[in-house]
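Take a look at the letters that make up each chain.
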Amino acid sequence: MAYKANVISVMIASPSDVPTERALVRQILTEWNDVYSKRESLVLMPVGWETHSSPELSGRPQDMINERLLTDADLLIGIFWTRVGSDTGKAISGSIEEIDRHREAGKPVMIYFSDAPVRPDSVDHDQYEKLKEFKKWAMTEGLVQTYESIDDFRMKLQRQVPLALQQNPYLQSIIDPSEGGYVTVNLDPDLASFRPSPPPLSEAGDILLRSAVQDGTVMVLRTLGGTHVQAGRESFGDNSPRDTARWTGAVEELVERGFLADRGYKGEVFAVTNAGFEYAEEMGYPTSTAP
């Protein structure tokens, strides 16, 4: 049955090294909507350039993102690990330009920094130095949050997004109680462990994850002979363009769902995340940690 609801647009701002976290933000907002949207007459809408923009040669890319996505965003969630992102000509990165503009508009910004371990040889020194400077600045401007793992990030975001909705004056000002809007927040401790029935994977995604949870890894092998995707003890792909697209698309689907995380930073080696293993267990996939 249709119902009226206010929509809070949530902009996700981050560089390229935190795809799992980006997918997890979307998942957490969807979980909240599944349980509370109808009751609270409120929808939390995740927004990002990769899902809410289309190719167009009409100016500076960041200007198009700012004008078409950021202007209408009500809350911004920024996530950083080892990078700040690419220089836009007006700021040291697109993510930081988005944060600056959002703050200038008087809108709330929630910033998270990952303290997860990283291989030293995978870190871009210049990017990391810029990140440290940005983190130092952010800590002087207000409260920021750090997290040690994906599970830690999940737990903190699940609790802190409702707190922002309840406590931030800007967000409260755009929610109209006369329409049944958001006045109080359910902070039930059980919320952090809530898991709605997850949407099904595609056939290829399902097959790939079933194999991947056997040893926890997926590899995309690109050679002169073609591209193969390897998971567990199985190899997928017959070198045809269509089949290659199918299996690399399955890898992208699992990354977007937060079930795989890029561990090679070149799109070649992926690890099954805790969310991936949890989904596999919920779906009854056989798993194994044996070598």
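Residues numbered from 1 in each chain as written. Predicted model: local features only at pLDDT ≥ 70, side-chain atom pairs only at ≥ 80, totals over all residues. Heavy atoms only, no water.

**Things to note about the overall build of the protein chain**
Within the protein chain, the secondary structure is distributed over ten helices and ten strands. For the protein chain, the proportion of its 291 residues judged to be buried stands at 45%. In the protein chain, the share of contacts with a sequence separation of at least 24, taken over all contacts with a separation of at least 6, comes to 68%. Carbon and sulfur atoms form 54% of the exposed surface of the protein chain, whose accessible area is close to 15,100 Å². (Helix = DSSP H or I, 4+ residues; strand = E, 2+ residues; numbered from the N terminus. Buried < 20%, exposed > 50% of the residue type's maximum accessible area, 1.4 Å probe, protein only. Contact = heavy atoms within 4.5 Å. Areas by Shrake-Rupley, 256 points an atom, 1.4 Å probe, with all protein chains shown as cover.)

**Some words on the pairing of strand β1 (residues 6–13)**
The element β1 is largely enclosed, with a buried count of six among its eight residues. Direction of pairing for β1 relative to strand β2 (residues 42–47): parallel, over a ladder of six bridges. Note that in β2 the partner of Val7 across the bridge is Val43. A crossover connection joins β1 to the parallel β2 through helix α1 (residues 19–40); in handedness this β-α-β unit is right-handed. Pairing of β1 with strand β3 (residues 75–80), which is carried by four bridges, proceeds in the parallel orientation. Counterpart to Ala13 in the pairing with β3 is Gly78. (Pairing = 2+ DSSP bridges. Right-handed = clockwise from strand over helix to strand, strands pointing away.)

**What about the side chain of Lys107?**
Relative to the helices and strands, Lys107 resides in the loop between α4 (94–104) and β4 (109–114). Of the polar contacts made by the side chain of Lys107, one reaches the backbone oxygen of Ala73; its length is 2.9 Å. (Polar contact = N/O pair within 3.5 Å; in protein donor to acceptor, adjacent residues only side chain to side chain.)

**Here's the deal with unusual backbone geometry**
Negative phi values dominate among residues other than glycine, just as trans dominates among peptide bonds. The phi angle at Ser41 is positive, at roughly 55°, despite the residue not being glycine. Its location among the elements puts Ser41 in the loop between α1 and β2. The class for Ser41 is buried, based on a relative accessible area of 12%.

**Describing the packing of α4 against helix α5 (residues 125–141)**
At a minimum axis separation of 13 Å, α4 and α5 run at an interaxial angle of 15°. Between α4 and α5, the angle is such that the two are roughly parallel. Here α4 and α5 pass one another in a crossing that is left-handed. Across from Ile96, Ile99, Asp100 and Arg103 in α4, the residues of α5 making contact are Phe134, Trp137 and Glu141. (Axes fitted to C-alpha atoms, helices over the stretch in contact; angles between N-to-C directions. Parallel < 35°, antiparallel > 145°, perpendicular 65-115°, else oblique. Left-handed = near helix turned anticlockwise from the far one by under 90°.)

**What about the pattern of salt bridges?**
A pair can form between side chains of opposite charge whenever their charged atoms are brought close. Per the counting criterion, the structure on display carries eleven salt bridges. With a shortest N-O distance of 3.2 Å, Glu129 and Lys132 are connected by a salt bridge. Of this pair, Glu129 and Lys132 both sit in helix α5, three residues apart, roughly one helical turn. (Salt bridge = Lys/Arg side-chain N within 4 Å of Asp/Glu carboxyl O.)

**Re helix α8 (residues 203–212)**
Because each turn of an α-helix spans 3.6 residues, side chains separated by three or four positions end up pointing in the same direction. The buried fraction of α8 is high, at seven of ten residues. Here α8 has its buried residues at Ala204, Gly205, Asp206, Leu208, Leu209, Ser211 and Ala212. Those residues of α8 hidden inside the fold are in contact with β6 (217–223), β7 (226–231), β8 (234–236), α9 (241–256), β10 (269–272) and α10 (274–283).

**Considerations on the confidence of the model for the protein chain**
Averaged over every residue, the pLDDT of the protein chain is 80; the share at 70 or more is 80%. Low pLDDT (under 50) marks residues 51–69, which in the prediction has 31 contacts with non-local residues, meaning those over four places away or in another chain. Predicted confidence is poor over residues 178–197, with pLDDT under 50, and the contacts of this stretch with residues over four places away or in other chains come to 44 contacts. (pLDDT = per-residue confidence, 0-100.)

**As for the environment of Trp81**
Residue position: Trp81 is located in the loop between β3 and α4. We classify Trp81 as buried; its relative accessible area is 10%. Sequence-wise, Trp81 and Thr146 are 65 residues apart; in three dimensions their C-alpha atoms are separated by 9.7 Å. A polar side-chain atom of Trp81 sits 3.0 Å from the main-chain carbonyl oxygen of Ala116.

**Observations regarding the side chain of Gln127**
Mapped onto the fold, Gln127 is located in helix α5. The buried category is assigned to Gln127, whose relative accessible area is 7%. Within the local environment of Gln127, its side chain forms a polar contact with the backbone nitrogen of Val84, the two atoms lying 2.9 Å apart. If we ignore the near neighbours within four places in the chain, the residues touching Gln127 are Thr82, Arg83, Val84 and Gly85.

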